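Single-letter residue listing:
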Amino acid sequence: MADRTAPKCQLRLEWVYGYRGHQCRNNLYYTAAKEVVYFVAGVGIVYNTREHTQKFFLGHNDDIISLALHPERSLVATGQVGKEPYICIWDTYNVQTVSILKDIHTHGIACLAFDFDGQRLASIGLDGKNTACIWDWKKGKVVATATGHSDRIFDVAWDPHQPNRLVSCGVKHIKFWTLCGNALTPKRGIFGKTGDLQTILCLACAKDETTYSGALNGDIYVWKGLNLVRTIQGAHGAGIFSMYACEEGYATGGRDGCIRLWDTDFKPITKIDMRETEQGYKGLSIRSVCWKADRILAGTQDSEIFEVMVRERDKPLLIMQGHCEGELWGLAAHPKKPLVVTGSDDRSVRLWSLVDHALIARCNMEEAVRSVAFSHDGSQLALGMKDGSFTVLRVRDMTEVVHIKDRKEVIHEMKYSPDGSYLAVGSNDGLVDVYAVSQRYKKVGECSKSPSFITHIDWSIDSKHLQVNDGAGERLFYKMPSGKHLTNKDEIKGIHWTTWTCVIGPEVNGIWPKYTDIMEINSVDANFGNATFVSGDDFGLVKLFRFPCLKKGAKFRKYVGHSAHVTNVRWSYDFQWIISTGGADHSVFQWRFIPEGMSNGGYDVSQEGYVDSNSEESDSDISDIVELDSDIEQEVQISYERQVYKEDLPQLKQQSKEKKQAAAPLKRERAPEGSLKLQFVHGYRGYDCRNNLYYTQATEVVYHVAAVAIVYNRQHHTQRFYLGHDDDILSLVIHPIKDYVATGQIGRDPSIHVWDVQTLKCLSLLKGQHQRGVCALDFSSDGKNLVSIGLDDNHTIIVWEWKKGERLATSRGHKDKIFVVKCNPQHVDKLVTVGIKHIKFWQHAGGGLTSKRGVFGNVGKLETMLGVTYGRMEDMIFSGAASGDVYIWKNNLLLKTVKAHDGPIFALHALDKGFVTGGKDGIVELWDDIFERCLKTYAVKRAALSPGSKGLLLEDSPSLRAITLGHGHILVGTKNGEILEIDKSGSMTLLVQGHMEGEVWGLAAHPTLPVCATVSDDKTLRIWELSFNHRMLAVRKLKKGGRCCTFSPDGKVIAVGLNDGSFHVVNADTLEDIVAFHHRKENISDIKFSAAS
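Residues numbered from 1 in each chain as written. Predicted model: local features only at pLDDT ≥ 70, side-chain atom pairs only at ≥ 80, totals over all residues. Heavy atoms only, no water.

## Structural notes on the overall build of the chain
Heads up, the condition is: Under the DSSP-based scheme used, a helix requires at least four consecutive residues in state H or I and a strand at least two consecutive residues in state E, with every element numbered from the N terminus. Computed with the Shrake-Rupley method and a 1.4 Å probe, the accessible areas treat only the protein chains shown as cover for residues. Here Asp and Glu are counted as negative and Lys and Arg as positive; His is not counted, and neither are the chain ends. Positions of charges follow a simple convention, taking NZ of Lys, CZ of Arg, CG of Asp or CD of Glu.
Each helix and strand in the chain was counted, giving four helices and 88 strands. Projected onto the principal axes, the alpha-carbon positions of the chain cover approximately 110 × 85 × 70 Å. Looking at the chain as shown, the accessible area adds up to about 44800 Å², and 50% of this sits on carbon and sulfur atoms. Side chains of the chain carry 130 positive and 131 negative charges; the gap between the two charge centres is 2 Å.

Written as structure tokens, this is what we have:
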């Protein structure tokens, strides 16, 4: 069987070529460390110009379009586009997220601004109302929101001298805002007769309510309060896109390509015309300026960043360049040098050095370029154009060799043969033309069997064959150079390919998820030597697979950064790098390839900035065929979705009432005088829950079953009930002080109740955030916050300030089920989650959470984790795996694993000194504080039951699902619905028990004694004592589940009807069979003895 695991090698983002200049402004700044911060595609970039290095922030999942610098100049805020766009505040030193702000804006975040002391952030949305929002960004909370304007807003700024005053500007308006409490109130600026009403593109605030703004016609408008008081005409020849205020004064940049510096009273100091400098060109347009002491940064519409020294203003340095606006599709690697060439719809061809991370040559063409190819020796370069023509250039001096136009449609793919004699050119006309290089590119062949446009071609090693992919999803073979169609399967099998860039073919089946459109993957490239290949797709992902991968849905590692579609991916000639190009983001990403086993040598992958480019959801290294333990398998399959939830009942009752009223106006009987009071519940939910059993402060035991939370008194064998839930409870956790409990239930909008153990009163009811159910809960160590995990598809994590009922933060948890969440005892803002094939380490960040996956290294393999706890030592975490090993972590790095149980470890609990664990093997183990020695084991067996037990064990060694310690005892909950108390000597007392998973229908009362019998889908028949003993007297396992039972009139025998259509008559004392019959096929729904038997 082919290896379906993800490859062990990795990629690391090393360089991004480009800067987003189009449709953005004010997005380029110096940080406190004198680095340059900007963005391109979905990546925030911190560029050190002295050392020529880049750091990357990868916390966004779509194009970034706005950026603001914190007044202290080390933090930045970035905003993105998307259906649910969010704002990240991150640190430019370590490129880590500090806070996430979400759930207010839609469409995108157009502009951002920090206030003068950096405590608050203003944001403007791209929605229909251009919503304005003020955030307390550290807490992730909204202070105020308001409708911004009916038209686009381009800039927003705070008044540095009045803390609650802001100004925004945009299409044909300027607005002055005051923030009072949580109200944000605007007043429109009055243009009066001083200047024309026109679009204002940028602004800066000064003292005494003075505002300077840059207008579309190149004038500067000066405002005092709400009124336009004067204009500085002709400040620029065209629209002023950017204005930057600093201690020295103001810098402005405009569409005329000029930068102007002004003093603090807006008197002109100097003017720099970038078009006139040696790097300048006609049409240069400035979108962003930043002035710091003697240096100026300028970002242009065409993706360049210039640095200008004020003293040498005629010699600006070009410190970054990329392709301009327009799709970027053409990419080829030089066959002998670390160079790549790209060709784009901006009509330029650019040659990049992968070693120097620099553009070394550029050539402008007459037409948009859609494909590029190097000849076998790298001396010639062919360019495929959008108009169906192609051009060949001499690489040495970029001069034209030949220009040929044989086709009308775009040339999307071209490749030279390995021996250098032919060039194959594939067009959207559906033909591949073959040209002889030595005969001045005379056409010598044509491949014409494709029904659709040509997408990919590869040559064979001997240059005698060509494989072709087309838009119809076909893979065709041709003889070269004639173009004769090849169909002989044996001949095809023997061909060896010099490259593999085709997306269709058995070798690359694994790139296709199980149900996808054939057009979603744009490019692949194989590295035969390392048996890996890389793909670029429409979801902005670069993925690394094993080569070949024959089965659909293979595992991979995936990397984020490109926001829109990745159009092309190629290995460098020596396989050290992978280059990827973005379509709409027209950026070029350079990834360093880290072969297997190099992860730690040379490149420390665990370094903060880098671990992120090994992107978050890179697929698990485990193949689809998961060997899940049967218990876990069962649990994962349980669906908590329902057609009708309890919430729907009032509505349904109302409907049926209305129907009945219409039918007959009968007088209703009065309710009876007597009433019922719940006295005792037999049962504990252990089959799909864990960690749901605790001692309270008053040494009572708290747990749950059905929709009841139960407080059980061990001394008196009595129960008290919290009955606030209206559907099954799935999770329970006790407050650190052990006087409050939180419980979470199933439901369409499931609620979490925090209630007092003594009074059984609800203290706080949290709802409106989860779906289907709440499967895990934990209190923070200070008891103020509560973390909950939902059963929705993303297993959403929510952090609540539970007393206020306020949601502090939310995040998607994981695509597979999460079993446990645990808060860090030392740091209130950290937590860890475990579940199917994952462990994640979380950190609060404003209104969101950031996560790191566990780094397993070579210490252990990725396992399903079922339990987790923190140790006494700081940052030490211990997780229990399905394999029976305990994994020991320091932060998110795995240190070692210890074999603890046979089979899964469901329960882990930290003590003051040491730990206690419980597993599917039915054994309780006490460990020292670093999991080096197992100090004691207790096997849960019938033989160990003490005479004081309130029942019987169904079987020896039941699977243990919950463990806690207190008052010199260990409290254990089993999958079979039993709760036991173990004392130090090892004797065990059974406190409570009930049926296991499945429905209970069969119930019969004894005719004369306080005893009843039940039978359930869990395949057991049980006899219960109803007097104050409240215990199970006898139990018998059945071959099948049962739905009914009855006592004979003398109470000596019980008849049981089973689900397979058979019934048994058994002795009521011993439960042994007297007689059995099997007369029916369907389940027996009721069974009765006649009165005079």
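Now that the structure has been shown, the text picks up again.
## Remarks on the sheet that holds strand β20 (residues 220–224)
To keep it simple, the criterion reads: What makes two strands pair is DSSP finding at least two bridges between them. The angle between two axes is taken between their N-to-C directions and runs from 0 to 180 degrees, where each axis is a line fitted to C-alpha atoms and a helix contributes only its stretch in contact.
Spatially, β18-β19-β20-β21 is the arrangement adopted by the four strands of the open sheet, whose pairing is antiparallel. The open sheet has two edge strands, β18 (200–205) and β21 (227–232), and neither has a second partner. This sheet shows a mean twist of 25° between the axes of neighbouring strands, independent of strand direction. Taken together, the five bridges between strand β19 (residues 210–215) and β20 define a ladder with antiparallel strand orientation. Looking across to β20, one finds that G214 is bridged to I220.

## As for the nonpolar core
Stated precisely, the cut-off is as follows: To qualify as a nonpolar core, a set must consist of buried Ala, Val, Leu, Ile, Met, Phe, Trp, Tyr and Cys residues joined through side-chain atoms within 4.5 Å. Burial classification: accessible surface area is computed with a 1.4 Å probe over protein chains only, and a residue below 20% of its type maximum counts as buried, one above 50% as exposed, and the rest as partly exposed. Should any heavy atoms of two residues lie within 4.5 Å, those residues are considered in contact.
Within the largest apolar cluster, 77 residues are counted, with the highest numbers of intra-cluster contacts made by Y38, I259 and L544. Residues contacting L544, with those up to four places away along its chain left out, are P7, C9, Q10, L11, F533, V534, F556, R557, Y559, W571, I578 and F593. The next biggest cluster of nonpolar side chains, apart from the first, holds 24 residues, and it includes I729, W755, L766 and W802.

## Let's talk about the environment of L971
Looking at where L971 falls in the secondary structure, it is placed in strand β78 (residues 969–974). Separated by 43 residues in sequence, L971 and D928 place their C-alpha atoms 19 Å apart. Apart from residues lying up to four places away in sequence, L971 is in contact with L693, Y694, Y695, V701, A962, I963, T964, I979, L980, E981 and L991.

## Topic: the sheet that holds strand β32 (residues 348–353)
Read across the sheet, four strands follow the order β30-β31-β32-β33 without closing on themselves; strand pairing throughout is antiparallel. Two strands lie at the open edges of the sheet, namely β30 (328–333) and β33 (358–364), each paired on one side alone. Each strand of the sheet is rotated relative to its neighbour by a mean of 20°, with strand direction disregarded.

## A short note on the pairing of strand β80 (residues 988–993)
Burial within β80 is extensive, with five of its six residues counted as buried. With five bridges connecting them, strand β79 (residues 978–983) and β80 associate as antiparallel partners. For E981, the partnering residue across the bridge sits in β80 and is T989. In textbook terms, the turn of a hairpin is the stretch between consecutive antiparallel strands, and for β79 and β80 this stretch comprises four residues, one of which, G986, has a positive phi near 100°.

## A look at the pairing of strand β43 (residues 465–470)
Burial within β43 is extensive, with six of its six residues counted as buried. Side chains H465, Q467 and N469 project from β43 onto one buried face, and the interleaved L466, V468 and D470 project onto a second face that is buried too. Taken together, the five bridges between strand β42 (residues 454–459) and β43 define a ladder with antiparallel strand orientation. Among the inter-strand pairings, I454 is bridged to a residue of β43, identified as D470. Bridging between β43 and strand β44 (residues 475–479) involves five bridges; their strand directions are antiparallel.

## Quick look at the packing of aromatic side chains
Our working rule: Working definition: rings of Phe, Tyr and Trp (its six-membered ring) pair if their centres are within 6.5 Å, and the pair is stacked with planes under 30 degrees apart, edge-to-face with planes over 60 apart, and tilted otherwise. By definition here, charges over rings are those cases where NZ of Lys or CZ of Arg is within 6 Å of the ring centre and within 35 degrees of the ring normal.
Scanning the model with the defined rule gives 39 aromatic pairs in all. Grouped by ring-pair contacts, the aromatic residues W500, F528, F533, F545, F547 and F556 constitute a single cluster. Over the ring of F241 we find R287; its NZ or CZ atom is 4.0 Å from the centre of that ring. Over the ring of F906 we find R961; its NZ or CZ atom is 4.1 Å from the centre of that ring.

## Some details on unusual backbone geometry
Geometrically, the link from M480 to P481 is a cis peptide bond, its omega value of 0° lying close to zero. For P481, the position within the fold is in the loop between β44 and β45 (484–486). Along the chain, F547 connects to P548 via a cis peptide bond; the corresponding omega equals -5°. Tracing the backbone through its elements, the reader meets P548 in the loop between β48 (542–546) and β49 (557–559). The phi angle at R73 is positive, at roughly 70°, despite the residue not being glycine. Following the sequence through the fold, R73 ends up in the loop between β6 (64–69) and β7 (75–80).

## Here's the deal with helix α3 (residues 630–637)
Going by this rule: Directions from the helix axis toward the C-beta atoms define the arc.
Listed in full, the buried residues belonging to α3 are D631, I632 and E635. What you see down the axis of α3 is that its buried residues fit within an arc of 95°, all on one side. Along its buried surface, α3 packs onto β65 (818–823), β69 (865–870), β73 (905–910) and β77 (960–966).

## Comments concerning the environment of A204
Take A204: it is sitting in strand β18. Exposure remark for A204: the relative accessible area of 5% places this residue in the buried category. In this structure, the C-alpha to C-alpha distance between A204 and A424, residues 220 residues apart in sequence, is 57 Å. Aside from chain neighbours lying at most four places away, what touches A204 is T210, T211, Y212, M243, A245 and Y250.

## What to know about the environment of L331
As for its placement among the helices and strands, L331 is situated in strand β30. Take L331: its relative accessible area is 4%, and that puts it in the buried class. The contacts of L331, once residues within four sequence positions are left out, are V340, V341, T342, V372, N568, V569, R570, I579 and T581.

## Some remarks on the side chain of R714
Convention followed: Nitrogen and oxygen atoms within 3.5 Å of one another constitute a polar contact, given that in protein one can donate a hydrogen and the other can accept it, and given that sequence-neighbouring residues count only through two side-chain atoms.
In this fold, R714 is placed in the loop between β55 (708–713) and β56 (718–722). Overall, R714 belongs to the buried group, its relative accessible area being 17%. At a separation of 2.9 Å, a polar atom in the side chain of R714 contacts the main-chain carbonyl oxygen of T699. Looking at R714, its side chain comes within polar contact range of the side chain of E981, at 2.7 Å. When residues no more than four places from it in sequence are discounted, the contact partners of R714 are Y695, T699, V701, H969, E981 and L991.

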